[in-house]
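Letter by letter, the chains look like this.
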Amino acid sequence: QLQLVESGGGLVQPGGSLRLSCVVTEPLPDLSSIGWFHQAPGKERKGISCITTRDGKQKYADSVKGRFTISRDSPGTTVYLQMNSLVTEDTGVYYCARSVTGYGLSGYECYLTPKSHDWGQGTQVTVSS
């Protein structure tokens, strides 16, 4: 199955920044997407951002909008999550995985639904003073 390897987590103070990386180990279909998912301690996993393979269309959860940015080197390659202005609520394990893709009113797009068969080990982010 598809392998995705997350890295870049660590311990940072509130207001700090981190950049997470997700290495995609094999080509992705054009009609697919990669999402970043966050699981806070004792909480359910939730999607925070996704990006489509074909055209780089992005979505963000309200909780991270304006602070986090998803990007990629080129379609089907390493995907990044730039995290700025970190707050303690951002603490938890971050996963990248194939995300849900479909056609909505705005056309081909990705969704933040926390559903995937490609979950990896994740990378730990701790925001604390």
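All values reported here derive from a predicted model rather than from experimental measurement.

So, how was this worked out
All residue numbers refer to position in the chain's written sequence, counted from 1. Totals for whole chains, interfaces and linings use every residue, but because this is a predicted model, local features are given only for residues with pLDDT of at least 70 and side-chain atom pairs only at 80 or more, for both listing and counting. Just so you know, side-chain values use all the structure's heavy atoms and leave hydrogens and water out. When DSSP finds at least two bridges between two strands, those strands are taken to pair. Numbered from the N terminus, helices here are DSSP runs of H or I no shorter than four residues, and strands are runs of E no shorter than two. Axis lines are fitted to C-alpha atoms, over the contacting stretch for helices. Their N-to-C directions set the angle, which ranges from 0 to 180 degrees. Exposure categories follow from relative accessible area, calculated using a 1.4 Å probe and restricted to protein chains: below 20% of the type maximum is buried, above 50% is exposed, and the middle band is partly exposed. In summary, the charge assignment counts Lys and Arg as positive and Asp and Glu as negative, without counting His or the chain termini. Salt bridge criterion: a side-chain nitrogen from Lys or Arg within 4 Å of a carboxyl oxygen from Asp or Glu. Residues count as neighbours in contact if any of their non-hydrogen atoms are within 4.5 Å of one another. Disulfide assignment relies on a single distance test, namely cysteine sulfur atoms paired within 2.5 Å.

Asker: Even after reading the chapter, I still don't get the sheet that holds strand β3 (residues 18-24), so can you show me in this structure?
Answerer: Neighbouring strands of a sheet are bound in pairs by backbone hydrogen bonds; such pairs are parallel or else antiparallel. Strand order in the open sheet formed by four strands is β1-β3-β8-β7, and the pairing between neighbours is antiparallel. Of all strands in the sheet, those bounded by a partner on one side alone are β1 (4-7) and β7 (68-72). Each adjacent strand pair in this sheet contributes to an overall mean axis angle of 15°, direction not counted. Note: β1 against β3, four bridges, orientation antiparallel. Opposite V5, over in β3, you have V23 as the bridge partner.

Asker: What's the story with the side chain of D118 in this structure? I'm lost.
Answerer: Mapped onto the elements, D118 comes out in the loop between β11 (107-110) and β12 (123-127). No salt bridge is formed by the buried D118. Its closest oppositely charged neighbour is R98, at 4.9 Å. Once residues within four sequence positions are removed from consideration, D118 is found in contact with L2, L4, C96, A97 and R98.

Asker: Before we go on, may I ask you to explain the sheet that holds strand β9 (residues 92-98) in this structure?
Answerer: Taken in spatial order, the six strands line up as β2-β12-β9-β4-β5-β6 in an open sheet, and their pairing is mixed. Taken across any chain shown, the strands that pair with only one partner, and hence form the sheet edges, are β2 (10-12) and β6 (58-60). Adjacent strand axes in the sheet meet at a mean angle of 20°, parallel and antiparallel pairs treated alike. Pairing geometry for β2 and β12, over three bridges, is parallel. In the sheet register, G10 faces β12, and the bridge partner there is V125.

Asker: Would you mind showing me how to read the state of the cysteines here?
Answerer: What is meant by a disulfide is a covalent connection between two cysteines, made through their sulfur atoms. In the structure shown here, the tally under the stated rule is two disulfides. Between the sulfur of C22 and that of C96 lies a disulfide, 2.0 Å long from S to S. Residues C22 and C96 are joined through a disulfide that is right-handed, its torsion about the S-S bond being 75°. Remark: C96 occurs in strand β9 and C22 occurs in strand β3; sequence separation between them is 74 residues. Disulfide partner of C50: C110, at an S-S distance of 2.1 Å. The sign of the 85° torsion about the S-S bond sets the C50-C110 disulfide as right-handed. Here C50 is found in strand β5 (residues 46-52), whereas its partner C110 is found in strand β11, with 60 residues between them in sequence. Classification of C50 by relative accessible area gives buried; the value is 0%.

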